[in-house]
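Chain by chain, the residues run as shown.
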Amino acid sequence: MKKTVTRLADGRELLYFDSRDPREDAARDAVDRRPLDPVASASEVRRDPLLDESVAIASHRQGRIYHPPADSCPLCPSTARWQSEIPAADYEVAVFENRFPSLSGADGRCEVVCFTSDHRASFADLGEERAALVLDAWTDRTAELSARPGVEQVYCFENRGAEIGVTLAHPHGQIYAFPFTTPRTATMLRNAAAHRARTGRNLFDDVLERERGAERVVLAGEHWTAFVPYAARWPYEVHLYPHRRVADLTGLGEGARTEFPRLYLELLRRFDRIFGTGEPPTPYVAAWHQAPVTGADRQEFALHLELFTVRRASGKLKYLAGTESGMGAFMNDVSPESAADRLREVASS
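Residues numbered from 1 in each chain as written. Predicted model: local features only at pLDDT ≥ 70, side-chain atom pairs only at ≥ 80, totals over all residues. Heavy atoms only, no water.

### Comments concerning the overall build of the protein chain
The following threshold applies: Numbered from the N terminus, helices here are DSSP runs of H or I no shorter than four residues, and strands are runs of E no shorter than two. Residue exposure (1.4 Å probe, protein chains only): buried if accessible area is under 20% of the type maximum, exposed if over 50%, otherwise partly exposed. Every residue pair with non-hydrogen atoms within 4.5 Å of one another is taken to be in contact. Areas reported as accessible are Shrake-Rupley estimates using a 1.4 Å probe. Residue values count occlusion only from the protein chains shown.
Secondary structure summary: the protein chain contains 6 helices and 15 strands in total. Taken over the C-alpha atoms alone, the protein chain extends approximately 60 × 50 × 45 Å along its principal axes. Split into buried and exposed, the 349 residues of the protein chain put 51% on the buried side. Taking contacts inside the protein chain between residues at least 6 apart in sequence as the whole, the part at least 24 apart equals 64%. Split by element, the accessible area of the protein chain, about 16,200 Å² in all, is 50% carbon and sulfur.

So this is what it looks like as structure tokens:
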């Protein structure tokens, strides 16, 4: 993997990740000549005293780009007619600071990750080599952002589909460097600590061991297992765990890194086949759960990926009901065992 670091016209950082030596590609020297004003974000983090949780307030995001036409996509390579966020005429994987960040300055950082220059593609369309390059980019950013002062947790994720709320159709994900430990992670760490005190064992290890022996396994390799969790919240939800517990992406061994692209691409392709070929592409969220950057309990956490869709049946979406939005009490219309059966049925031949 080769990384080239440059700047956009307003000073934001832009990084190219290439599987080949970038010196062979003069496009990496392309300069952003747009007349951009400096980014003026006004995000702040406030604490909810009742829940003891942080909330980011980012009112400047109301003016962000919203469903632009394909020929004006800010994530496509630049052309003579259209200057995008990426000055190069082509790229493999590109990462840049978000112009409309939810977190900025002392309150963290937000980055955009473009998986491919092909506007019409999706992550599932990538080959294994490109998926491995994206994994390298996620790992690089996790390491670099974790070292920044004030960052407490790094979150790599992809939202796909308008149903999820995506406003740019180009295949991309994001990385948030939070100045706090996110609520779900804090809850998992508390439960892991209680489990350790009660049993002397690691909670994540015990969950993975139980799930690997259950009927909800969807896909398994030498280094990873993908399963529908026993208490899945979403109609189709899969968790992907490495067999060797590590705190974050930087801890993955070579075997796990090599095997990941094949398994992950197969999972995404199965998600696209769940509802039949006549359906639009399946909307989903793919979320990497990583340990906080600091803390004595960091090594108790287990890196894992959660993949889920808000589509519950052909032509039907799962909307969060009052119990879920108001109380955080999920009600799942699809049994986890049935979801696992369906995901095995649509395996690649």
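### Let's talk about the packing of aromatic side chains
Note the threshold: Under the pairing criterion, centres of Phe, Tyr and Trp rings, with the six-membered ring standing for Trp, must be within 6.5 Å; the plane angle then separates stacked pairs below 30 degrees from edge-to-face pairs above 60, leaving the rest tilted.
Applying the stated rule across the entire model yields 19 aromatic pairs. For the ring pair Trp224 and Trp288, a centre distance of 6.3 Å and an interplane angle of 65 degrees mean the geometry is edge-to-face. Of this pair, Trp224 sits in strand β10 (residues 224–227) while Trp288 sits in strand β12 (residues 284–289); the two residues are 64 residues apart in sequence, bridging distant segments of the chain. The pair Trp224 / Trp288 is uniform in exposure class, with both members buried. Centroid distance Trp234 to Phe330: 5.5 Å. Interplanar angle 65 degrees. Geometry classified as edge-to-face. Of this pair, Trp234 sits in the loop between β10 and β11 (236–242) while Phe330 sits in the loop between α5 (322–327) and α6 (336–345), placing them 96 residues apart in sequence. Judged by relative accessible area, Phe330 falls into the partly exposed class, the value being 28%.

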